[in-house]
Amino acid sequence: MENKNRGDKKPPHKKRFDFNNYTKNTVKSLNEVEYFLNNLKNFRRYINLYKFFKK
């Protein structure tokens, strides 16, 4: 009866905190947000020009 749990899977190990990977992901995310906001500003400018010339 002692070997009853012999075939069970072990619980997964906790992942170690990787500071370099964390900072790379954070910088990448911030760059993507900045790119999106810059494109949004340009898009808004074109919409305003379109409205202006449409009148």
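Since the model is a prediction, treat every value here as computed from it, not as a measurement.

Draft legend 1. Expanded view of the overall build of the protein. Along the backbone of the protein there are 1 helix and 0 strands. Residue burial in the protein is summarised as follows: out of 55 residues, 0% are buried. Here the protein displays about 6700 Å² of accessible surface, and carbon together with sulfur accounts for 57% of that area.

Draft legend 2. A look at a nonpolar patch on the surface. A grouping of V33, F36, L37, L40, F43 and I47 is seen on the molecular surface, where their side chains present a nonpolar patch of about 540 Å² in accessible area. Mapped onto the fold, F36 is located in helix 1 (residues 19-54).

Draft legend 3. Region of interest: the packing of aromatic side chains. Here the structure, examined in full by the defined rule, presents 1 aromatic pair. Consider the rings of F52 and F53, whose centres lie 5.3 Å apart with planes at 70°: the pair is edge-to-face. Given a relative accessible area of 59%, F52 falls into the exposed group. A relative accessible area of 63% means that F53 is categorised as exposed.

Conventions adopted
Residues numbered from 1 in each chain as written. Predicted model: local features only at pLDDT ≥ 70, side-chain atom pairs only at ≥ 80, totals over all residues. Heavy atoms only, no water. Helix = DSSP H or I, 4+ residues; strand = E, 2+ residues; numbered from the N terminus. Buried < 20%, exposed > 50% of the residue type's maximum accessible area, 1.4 Å probe, protein only. Areas by Shrake-Rupley, 256 points an atom, 1.4 Å probe, with all protein chains shown as cover. Patch = residues over 30% accessible without salt bridge, like charges linked within 9 Å, V, L, I, M, F, W, Y side chains within 5 Å. Salt bridge = Lys/Arg side-chain N within 4 Å of Asp/Glu carboxyl O. Phe/Tyr/Trp six-rings, centres within 6.5 Å; stacked < 30°, edge-to-face > 60°.

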